[in-house]
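A structural walkthrough
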Amino acid sequence: MEIKKYLLAEATKFETPYYIINGSSKGKTVMITAGVHGKEIASILSAKRLVALLKKNKLRIEFGTLIIVPVVNRKAFKRRIRGIPDLNRTFPRKWKDKARHPLSAALFRLAKKYRPSWYIDLHEANGLSKINPRVLGQTLIAHPKSKAIPAIKRIADHLNRSIVQKSRHFTMRLRTLPAGSGRHAAFHLLKAKAVTVETCWSMPMSTRINFQMKILEKLLAEANLI
Ligand SMILES: [Zn+2]
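Predicted model, so just to flag it, every value in this text is computed and none were measured. Every residue gets a number counted from 1 within its own chain, in the order that chain's sequence is written. Two thresholds apply to this predicted model, a pLDDT of at least 70 for residue-level local features and 80 or more for giving and counting side-chain atom pairs, whereas whole-chain, interface and lining totals are computed over all residues. Excluded from the side-chain calculations are hydrogens and water; all other atoms, namely the structure's heavy atoms, are used.

Taking 1.5 Å per residue as the helical rise, helix α4 (residues 149-161) with its 13 residues ought to reach 18 Å, and the 18 Å between its terminal C-alpha atoms agrees with that figure. The cut-offs for exposure are 20% and 50% of the maximum accessible area for each residue type, with area from a 1.4 Å probe on protein chains only; residues under the lower value are buried, those over the upper are exposed, and the others partly exposed. Numbering of helices and strands runs from the N terminus; a helix is a DSSP stretch of H or I covering at least four residues, while a strand is a stretch of E covering at least two. For α4, the set of buried residues is I149, A151, I152, I155, A156, L159 and N160. Down the axis of α4, the sector holding all buried residues measures 160 degrees, keeping them to one side. By definition, residues are in contact when any of their heavy atoms lie within 4.5 Å. Against β5 (118-125), β6 (139-142), β7 (171-174), β8 (193-200) and α6 (205-222) lie the buried residues of α4. Helix span, expected: 1.5 Å multiplied by one less than the number of residues in the helix. In this description, one arc is meant: the one made by directions from the helix axis to the C-beta atoms.

As a further point, take a positive patch on the surface. Taken together, the side chains of K5, K13, K48, K55, R74, K75, K78 and R79 define a basic patch exposed on the protein surface. Looking at the element boundaries, K78 is found in helix α2 (residues 74-79). Like charges are joined within 9 Å and nonpolar side chains (Val, Leu, Ile, Met, Phe, Trp, Tyr) within 5 Å, but only among residues with over 30% relative accessible area and no salt bridge; these make up the patches. Every accessible area reported is derived by Shrake-Rupley at a probe size of 1.4 Å, with residue values counting cover from the shown protein chains alone. Every case where a carboxyl oxygen of Asp or Glu lies within 4 Å of a side-chain nitrogen of Lys or Arg is listed as a salt bridge. Residues scored as positive are Lys and Arg, those scored as negative are Asp and Glu, and His as well as the terminal groups of each chain are ignored. Here the site of a charge means atom NZ of a Lys, CZ of an Arg, CG of an Asp or CD of a Glu.

In this section: the coordination of the zinc ion. Counted as donors are the N, O and S atoms within 2.8 Å of the metal, or 3.2 Å for Na, K and Ca, while water is not among the atoms, so some sites may look incomplete. Coordination of the zinc ion by the protein involves H37 (ND1), E40 (OE), E40 (OE) and H123 (ND1), with metal-donor separations of 2.1 to 2.3 Å. Just to be clear on the cut-offs, tetrahedral is four donors with all angles between 85 and 135 degrees, square planar is four donors and octahedral six with opposite donors over 155 degrees apart and all others between 65 and 115, and anything else goes down as irregular. Between the four donor atoms coordinating the zinc ion, the angles at the centre fall across 59 to 146 degrees, so the site counts as irregular. Counting along the primary sequence, the residues that act as donors to the zinc ion give the motif H-x2-E-x82-H. Accessibility classification places H37 together with E40 in one group, the buried group.

This part takes up the sheet that holds β6. Taken together, the eight strands give an open sheet; going across it, the order is β1-β2-β4-β3-β5-β8-β6-β7, and neighbouring strands pair in mixed fashion. Sheet topology places β1 (2-8) and β7 at the edges, where each strand pairs with a single neighbour. On average, each strand axis in the sheet is inclined to that of its neighbour by 20 degrees, with strand direction left out of account. We treat two strands as partners when DSSP finds at least two bridges between them. As paired strands, β5 and β8 are joined by eight bridges and run parallel to one another. Bridged to D121 within β8 is T196. All axes are obtained by fitting lines to C-alpha atoms, using only the stretch in contact for helices, and the reported angles, taken between N-to-C directions, cover 0 to 180 degrees.

The next subject is the packing of α4 against α6. Contact geometry for α4 and α6: axes closest at 10 Å, N-to-C directions at 140 degrees. On the basis of their axis angle, the class for α4 and α6 is oblique. Between α4 and α6 lies a crossing whose hand is right-handed. Contact residues: A151, I152, R154, I155, H158 and L159 in α4; F211, K214, I215, K218, L219 and E222 in α6. In this classification, Asp, Glu, Lys and Arg are treated as charged, Ala, Val, Leu, Ile, Met, Phe, Trp, Tyr, Cys and Pro as nonpolar, and every other residue, Gly included, as polar. Looking at the contact of α4 with α6 residue by residue, the classes come out as seven nonpolar, one polar and four charged. These descriptions rest on fixed angle ranges, namely under 35 degrees for roughly parallel, over 145 for roughly antiparallel, 65 to 115 for roughly perpendicular, and the rest for oblique. Handedness of each helix crossing follows the sense of rotation of the near helix against the far helix: counterclockwise by less than a right angle gives left-handed, clockwise gives right-handed.

With an omega dihedral of -5 degrees, the bond running from I84 to P85 counts as a cis peptide bond. With respect to the secondary-structure elements, P85 resides in the loop between α2 and α3 (102-114). Residues L177 and P178 are joined by a peptide bond in cis, for which omega reads 0 degrees. As for its placement among the helices and strands, P178 is situated in the loop between β7 and α5 (182-188). Unlike most non-glycine residues, R115 shows phi in positive territory, near 45 degrees. Mapped onto the fold, R115 is located in the loop between α3 and β5.

This part takes up the packing of helix α1 (residues 41-55) against α6. As a packed pair, α1 and α6 sit with axes 9 Å apart at the nearest point and diverge in direction by 55 degrees. Taken as axis vectors, α1 and α6 run oblique relative to one another. Like other packed secondary-structure pairs, α1 and α6 cross with a definite hand, here right-handed. For the pair α1 and α6, the contacting residues are I41, A42, S43, L45, S46, R49, L50 and L53 in the first and M205, R208, I209, Q212, M213, L216 and L220 in the second. Looking at side-chain class alone, the contact of α1 with α6 contains ten nonpolar, three polar and two charged residues.

Over the atoms a probe the size of a water molecule is rolled, and this reveals where empty space is left. Considered as a void within the structure, the largest pocket measures approximately 250 Å³ in volume. Note on definitions: the grid is 1 Å and covers protein atoms alone; a cavity is a set of points where a 1.4 Å probe fits but cannot get out; a pocket is an open set with protein on both sides within 12 Å along at least five of seven lines; lining residues have an atom within 4 Å of a point. H37, R82, R89, L136 and E198 are the residues nearest the centre of the largest pocket, which is lined by 18 residues in total. Residue assignment for the lining of the largest pocket shows that the elements contributing at least two residues are β5 and β8. For the lining of the largest pocket, the leading source of residues is β5, giving three residues. Considered class by class, the residues forming the lining of the largest pocket number five nonpolar, six polar and seven charged. Grid points are joined across faces, edges and corners, and a volume is the space filled by probe spheres set on the points.

Encoded structure:
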């Protein structure tokens, strides 16, 4: 296994590190992004923890390639804000469309270069979806026609078996929108198995990170990288 660090949007005020981890054998490519929204802290800390685990060799990528961008919008993360504009509305919506922000442009260029089979975008949201179906906290989101659906259903079921409080159970949400999001672009333009992971803000940080880490591990297993 080999880990290399690079810079996205290098030499601009948006510059942010990303990592490419190659397994020793061939396999699929998985791309993980966090910090598209700067105040969704558990998702960012989870992506950073994943990098740390890989560096310490506590988790190994055996097959294929993993790309991790732990903090897409570092300026927004520093200020603990969602980000202005909302980056997750600035990705290209069609092939001839241009991204409307230097960060989404750089991120989409990276995704286009590596054509990941899986595109996993880590977020956090308000509310518990099990109690209120209109909110996005504790959801795994994919397009209704996504090939990711069987896998994320397995992951939600698996996770829920170990979550004692039913209110905290994960639900799968099938959404065509929003256009301009990373998931929308990865699904429509790159034909990736694009998934958004949302933990609920009102839970303790350690619980949220724990959920994000378990989901990531399961997704890496589903993609046969570990
Ligand atoms: Zn978000």
